[in-house]
Amino acid sequence: MDVLMLSRLQFAMATMFHFIFVPLTLGLSILVAIMETKYVRTGDETYKRMTKFWGKLFVINFVLGVVTGITLEFQFGTNWSRYSEYVGDIFGSLLAIEATVAFFLESTFLGAWIFGWNVLSPKMHALCIWLVAGASNLSALWIIIANGFMQNPLGYVIRNGRAELADFFAVVGNPFAWQQYVHVLSGAFALAGFFVMGVSSYHLLKKQNVDFFTRSFKLGMVFGLVFSILVAVQGHHHAQEVTKIQPAKLAAMESLWETHEDGAPMYLLVVPDEKNEKNAIELFGIPGGLSFLAHNDFKAPVQGLKDWPAEERPPVMLTFLSFRAMVGLGTLMPLLCIWAFLRRNRLTETPKLLKAMLFAIPVPYLAIEAGWVVAEVGRQPWIVNGLMKTADAVSPIVTSQVAFSLVALTLLYALLGAADIYLLFKFAKKGPAEA
Amino acid sequence: MLETIWFLLWGVLWAIYFILDGYDLGIGTLLPFLGKSDTDRRIMLNSMGPFWDGNEVWLITAGGVTFAAFPKAYAVMFSGLYTPLMLLLFALIIRGVSLEFRHQVDSPAWRRVWDWGATIGSFLPALLLGVAFANIFMGLPLDEKGVFQGNLLTLLNPYGLAGGVLFVLLFAMHGALWLTIKSEGDLQRRAANLARTLWPVLVVLIGAFVVLTVVYTNLLSNYLTNPLLLVLLVAPVLALLLLRRQIGKEDWWFAWGLSAAMITGLTLFGVVGLYPALLPSSINPDYSITIANAASSTLTLSIMLGVALVFVPIVAAYQFWLYRTFSHKVTEKELGHDGAY
């Protein structure tokens, strides 16, 4: 394998690993902040115990998100130096702004929150976790605006042999980026809801700390229900935006090879055959279905992959399967939440629901990872859509360097990930401290 | 003009990172030497507990600013120094995780693992940053395309290694002084004794490093053109000399401040010596990465300056609040609190 392939693998590994921890940070920080606010307002000790129990899981999860985030900043320079040089004027400033306005806030006040239980007043302590929650979500915004530039570059001009900033507000106001942000955030909030419901279900099944975990479950359920519906509905609009901005990505998501001028069908069962530029199996077609989904019009034309030369198409199988996985899991999530909502006052009498919710903890994780595969693999062969190819972006480094770092980073992540998941299991199973 | 302002800010950001995370890295390095018991080690880790994460963000910001203000310098520095930066990354990851995981399980074996993680994860960044910056001061073998023509061994030359040792000991001193502020009793006495022992070593080392700098680098040329700039070297030397007195008086906050002034002075001495290059080329001065060929557009530099002028003071204010709120000593009673390491 060459430097390019190894660097791509390393980027995929480091980013996907990072994003195991980030969504829970984004959502759970808000849930913990709500719990602590309820405690400060009512003085109800159960809410204090909830804050401490879920807060501990939050912190254990948080640390891996933070340390693996350093990798992401470093690797643009280490592995993608030509990219960094070409778009640093825009992309680099977004990362620097993220650190200055959000990451400092998040890290500083998390330190105050963790160590401040006996030092700060209850109100000040609650304010700290709100600042952490706000800063985490603000940090995600800047990162996604940076990613949005890669998906839909705006506000730049090519000058001095590189992309230079021409209009800062066009970059920041990138509608594609904001769509992504809503999509990522609602997915992350839904994930946090599922996490809280799943862990609560474990204890409710054992009928321990029933009041504590019923309250937790219901709070998680509100998040899960609202945001799993939002992520699905908004995801549909997001895909329509993809149709306009990245038609090749959409064609790969649907494995659509031929262009249909008067309405593209939607097949429920498809097996792509990339080599022969067709689908081996296409079953259960809905005439005009894809046109309707993409354009709200059964007759609208949709471009097929053959409109692009083979070297300008994204990998079809991976994009297609990831998209199907995301949509499938994303459909399951609101259904589970609706079931939970209907049984919300009879949770302990519905062990089937509790078991389902316990085993559903990985569902949003898989959906979110699959979603990022669609976003990033589906953009290939471009690193910046239409502007720079991934192959032209890689650093002039030696294969052995990347081989070493890929192996070492994978081993390190595997070890630390295992230790982190062990701790999460340990404290999730242990339950809250005695009242 | 904007480029020069950003060049100086770049140096200042690195200096702030070295002062703040420097003591964390120092304490981590000293963990096996000063931490005789589990309680000692816990006090050492808790002395940086609320702060280390916020301190580390200054590194992310220094990196981010390199990327934003001088994209080409960022590209060349990070790809050229690929392996040392990866090692730095691994070490910082291990350090952060060790601090957070160590106290989660009450088992001596578990804690021993993360103690080593904290030590190696602190020692290695200090060493690598020293080696990297010394090599940058000396010049990297950059060809006309800015491609690094060397490997890890290229960096391990006498001057680079001297830089590494200097950083490790500067941070160890800085960490020992922080510990004297945050601890009491026997541990504080041992930290103070270590600072006393380290002081003459640092005097010799800094003297030797300055001599080596004259021999190996061109940093001095800026100072020969503008002798007034030598004030930058007077400051750290004065701080170093005063430091011994304050250690003797056991005036720990003042001593730590002097150590911070010394680190800032040495960093800025190097950075100002580099100007206008960010990464001088040792192959041919024309191949150097300078503020002229690496800077971002005027628009980006202006917007970034606006952001920095508004937000850096805000960050400084709330980080100051954090330090003031948690300035008390870490006592054994405190170790029983929720959230303590």
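Since this is a predicted model, take the numbers as computed values, not measurements.

1. What about the environment of Leu179(B)?
All names here are of chain B.
Here's step 1: Relative to the assigned elements, Leu179 resides in helix α8 (residues 158–182).
Here's step 2: Taking the C-alpha atoms as reference points, Leu179 and Arg190, separated by eleven residues in sequence, lie 9.7 Å from one another.
Here's step 3: Setting aside chain neighbours within four positions, we find Leu179 in contact with Ile27, Leu34, Met44, Ser47 and Ala191.

2. Quick word on helix α1 (residues 2–34) of chain B
Here's step 1: Between the first and last C-alpha of α1(B) there are 46 Å, a value that for 33 residues agrees with the 48 Å anticipated at 1.5 Å per step.
Here's step 2: Most pronounced at Asp21(B), the bend in α1(B) amounts to some 40°.

3. Thoughts on the domain arrangement of chain A
Residues and elements named next belong to chain A.
Here's step 1: Under the domain assignment used here, chain A contains domain 1 (3–259 + 303–430) and domain 2 (260–302).
Here's step 2: Each of domain 1 and domain 2 was reduced to a C-alpha centroid, and the two centroids are 30 Å apart.
Here's step 3: Tallying the contact residues gives 14 residues for domain 1 and 13 residues for domain 2.
Here's step 4: Listed by contribution, the elements that provide at least two residues to the side of domain 1 that touches domain 2 are α7 (210–245), α8 (247–254) and α10 (316–342).
Here's step 5: The element that contributes the greatest number of residues to the side of domain 1 that touches domain 2 is α10, accounting for three residues.
Here's step 6: By residue class, the composition of the side of domain 1 that touches domain 2 is six nonpolar, five polar and three charged.

4. Side note on the packing of α1(B) against helix α14 (residues 298–325) of chain B
To describe two helices that pack against each other, one gives the angle between their axes and the distance between the axes.
All names here are of chain B.
Here's step 1: Put simply, α1 and α14 touch, their axes get as near as 10 Å, and they point 45° apart. Judged on the interaxial angle alone, α14 and α1 are oblique. The handedness of the crossing between α1 and α14 comes out as left-handed. Contact residues: α1 offers Leu2, Glu3, Ile5, Trp6 and Leu9, while α14 offers Thr298, Leu301, Ser302, Leu305 and Ala308.
Here's step 2: Considered class by class, the residues forming the contact of α1 with α14 number seven nonpolar, two polar and one charged.

5. Regarding the pairing of strand β4 (residues 278–286) of chain A
Residue and element names in this part refer to chain A.
Here's step 1: Pairing of strand β3 (residues 266–273) with β4, which is carried by seven bridges, proceeds in the antiparallel orientation. Residue pairing for β4: Leu269 is matched across the bridge by Leu283.
Here's step 2: From the end of β3 to the start of β4, which pair antiparallel, there are four residues, and Glu277 there has a positive phi angle of about 50°.

6. Looking at helix α3 (residues 52–69) of chain B
Here's step 1: In a regular helix each residue adds 1.5 Å, so 18 residues correspond to 26 Å; α3(B) covers 26 Å between its end C-alpha atoms and thus fits that length.
Here's step 2: Counting buried positions along α3(B) yields 18 of 18 residues, so the element is predominantly enclosed.

Definitions and limits used
Positions within a chain are numbered from 1, following the residues in the order the chain's sequence is written. A letter from A marks each chain and a number from 1 marks each ligand, given out in the order of writing. At least 70 in pLDDT is required for a residue's local features to be given in this predicted model, at least 80 for side-chain atom pairs to be given and counted, and no such filter applies to totals for whole chains, interfaces and linings, which use all residues. Only DSSP runs of H or I covering at least 4 residues are called helices, and only runs of E covering at least 2 are called strands; the numbering of each starts at the N terminus. Two residues qualify as a contact pair if the distance between their C-beta atoms, derived from the backbone, is within 7 Å. Multiplying one less than the number of residues by 1.5 Å gives the expected span of a helix. Note on bend: the value at a residue is the angle between axes fitted to the seven residues ending there and to the seven starting there. An automatic or database domain assignment supplies the residue ranges for each domain. Only Asp, Glu, Lys and Arg are considered charged in this grouping, and only Ala, Val, Leu, Ile, Met, Phe, Trp, Tyr, Cys and Pro are considered nonpolar; every other residue, Gly among them, is considered polar. The axes used here are C-alpha line fits, helices contributing only the stretch in contact, and every angle between their N-to-C directions lies in the interval 0 to 180 degrees. Geometric relationships in this document are graded by angle, where less than 35 degrees denotes roughly parallel, more than 145 denotes roughly antiparallel, 65 to 115 denotes roughly perpendicular, and other angles denote oblique. Left-handed is the label given to a crossing in which the near helix is rotated counterclockwise from the far helix by less than a right angle, and right-handed is the label when the rotation is clockwise. At least two DSSP bridges between two strands are needed for those strands to be called paired. The exposure scheme places C-beta atoms from the backbone and then counts, for each residue, the other C-beta atoms within 10 Å of its own, assigning buried at 20 or more, exposed at 12 or fewer, and partly exposed in between.

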